Amino acid sequence: MKALALLSGGFDSAVAIYLMKKQLEIYALHFSLEPFTNNTPEKKSIELAKKLKIKNLYVINHSKEHEEIVNKCEHKNYYIISRRLMYRVAEELARKLNCNYLLDGCNLGQVSSQTLSNLSVISQSVNMPILRPLLCYDKDQIIKLARKIETYEISKGPEMCNVLGPKHPATRSNLEIIEKEETNLNIKKLIESSLNSLRKVL
Amino acid sequence: MVNVFIERENKTTKINARNSKELMKILNINPETVLIVKNNELILPEENLNDKDELKLLSVISGG
């Protein structure tokens, strides 16, 4: 069985891959936002994939698609809508690669937007099962594991406070509201344009 | 002074900064982790800022 893992370059996704890689053949996908960010997250993803002995890493540049979401949707819904688009793109790629699952490092209670309500709305954008081995892990457990598997040094940024000090604003989402907002976008076209930027980097 | 909304913290603040790089430094935010929206448009990480600019710092979403 194969899974396509979403690899951000941070702590969580690398640890999630580590936990599942004995059971599954892992392919990985990173979404780059260059030029709106630098290429450090992509470099980290490549290093992490090598460390985790992932043989297939793909990168999609998602900057234009993010720009369109920022331009056409309410910014309070940006996180959910961009994630839903990413999962749709990942699902398309996963099918082409004959993967059975998507895999991510989402966990509850650490980042404001990763609430059960949001995860539910995000998950409903795709039909493929999403594996979330870290769902009930807390940040300390994830960091401890990242140190143990030696991905910690790769994932950590130059300034840790922003990575480790998220706040917890109340965040709720509603599928109907999000789906209505998505009518401002041409989702099919955005998936196509995303896949057009696909690169295999490992 | 520019108005800055920080999505991750769900708060708005006023900052005196000449460009977005300086702004990140003042706010102690790792530039890898945010997208900068100036007056409703995504901008590059090192753009100049003017008084009365309305900024939003949205979390970067690059994968898992």
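As the structure is a prediction and not an experimental result, all values here were calculated from the model.

Observations concerning the interface of chain B and chain A
Many analyses report the size of an interface as the accessible area lost when the parts associate. Between chain B and chain A, the contact holds 22 residues from the first and 40 residues from the second. Of all the elements in the fold, those that place two or more residues in the side of chain B that touches chain A are strand S3 (34-38) and strand S5 (54-59) of chain B. The element that contributes the greatest number of residues to the side of chain B that touches chain A is S5 of chain B, accounting for three residues.

Describing the environment of Leu57 of chain B
By secondary structure assignment, the location of Leu57 of chain B is in strand S5. Residue contacts for Leu57 of chain B: discarding those within four places in its chain leaves Val4, Ile6, Glu7, Ile29, Val34 and Ile36 of chain B.

Details of the confidence of the model for chain A
Taken over all residues, the pLDDT of chain A has a mean of 90, while the share at 70 or more is 90%. Confidence drops under a pLDDT of 50 for residues 159-170 of chain A, and excluding neighbours within four residues, the segment shows 23 contacts in the predicted structure.

Overview of helix H1 (residues 20-27) of chain B
All names here are of chain B. Turning to H1, its buried residues are Ser20, Leu23 and Met24. Each buried residue of H1 sits inside an arc of 100° when the element is viewed along its axis, so together they form one side. Structurally, H1 contributes buried residues whose contacts are with strand S1 (2-6), strand S2 (11-15), S3 and strand S4 (41-43). Phi turns positive one or two residues past the end of H1, at Asn28, with a value near 60°.

Topic: the nonpolar core
Considering soluble globular proteins, one finds that nonpolar side chains tend to be buried as a cluster. All names here are of chain A. The biggest cluster of nonpolar side chains holds 70 residues, and the ones touching the most others in it are Leu4, Ala5, Ile17, Ala28 and Ala90. Residue contributions to this core peak at eleven residues, all from helix H4 (residues 78-96). Non-local contacts of Ile17, meaning those with residues more than four positions away in its chain, are made with Ala5, Leu7, Ile26, Ala28, Leu52, Ile54 and Leu103.

Quick look at the sheet that holds S2 of chain B
Residues and elements named next belong to chain B. Taking strand neighbours across the sheet as the criterion, the five strands line up as S2-S1-S5-S3-S4 in an open arrangement whose pairing is mixed. Two strands lie at the open edges of the sheet, namely S2 and S4, each paired on one side alone. Sheet twist, expressed as the average angle between the axes of neighbouring strands with direction ignored, equals 30°. Bridge count for S1 against S2 is five bridges, and the pairing is antiparallel. By the bridge assignment for S2, Val2 is matched with Ile15.

Section: helix H1 (residues 11-20) of chain A
Residue and element names in this part refer to chain A. Within H1, eight of the ten residues are buried, which leaves it mostly tucked inside the rest of the structure. Phe11, Asp12, Ser13, Ala14, Val15, Ala16, Ile17 and Tyr18 are the residues of H1 that are buried. Considering only its buried residues, H1 is in contact with strand S1 (2-6), strand S2 (25-32), helix H2 (40-51), strand S4 (101-103), helix H6 (139-148) and helix H7 (152-155).

Thoughts on the environment of Glu91 of chain A
Residue and element names in this part refer to chain A. Position of Glu91 among the secondary structure elements: in helix H4. Glu91 sits in the partly exposed class, given 19 other C-beta atoms within 10 Å. Along the sequence, Glu91 and Pro129 sit 38 residues apart, while their C-alpha atoms lie 9.5 Å from each other. The contact partners of Glu91, leaving out residues within four places of it in the chain, are Leu102, Val126 and Met128.

Quick notes on the packing of H4 of chain A against helix H10 (residues 187-196) of chain A
Residue and element names in this part refer to chain A. Viewed as axis vectors pointing N to C, H4 and H10 meet at an angle of 60°, and their least axial separation amounts to 10 Å. One element, H4, and the other, H10, form an angle in the oblique class. Here H4 and H10 pass one another in a crossing that is right-handed. Packed against H4, whose contacting residues are Leu85, Arg88, Val89, Glu92 and Leu93, the element H10 presents Ile187, Leu190, Ile191, Ser194 and Leu195 at the interface.

Calculation criteria
Residues numbered from 1 in each chain as written. Chains lettered and ligands numbered in written order. Predicted model: local features only at pLDDT ≥ 70, side-chain atom pairs only at ≥ 80, totals over all residues. Contact = placed C-beta atoms within 7 Å. Helix = DSSP H or I, 4+ residues; strand = E, 2+ residues; numbered from the N terminus. pLDDT = per-residue confidence, 0-100. Buried ≥ 20, exposed ≤ 12 C-beta atoms within 10 Å, placed from the backbone. Arc of directions from axis to C-beta. Core = buried A, V, L, I, M, F, W, Y, C linked by C-beta atoms within 7 Å. Pairing = 2+ DSSP bridges. Axes fitted to C-alpha atoms, helices over the stretch in contact; angles between N-to-C directions. Parallel < 35°, antiparallel > 145°, perpendicular 65-115°, else oblique. Left-handed = near helix turned anticlockwise from the far one by under 90°.

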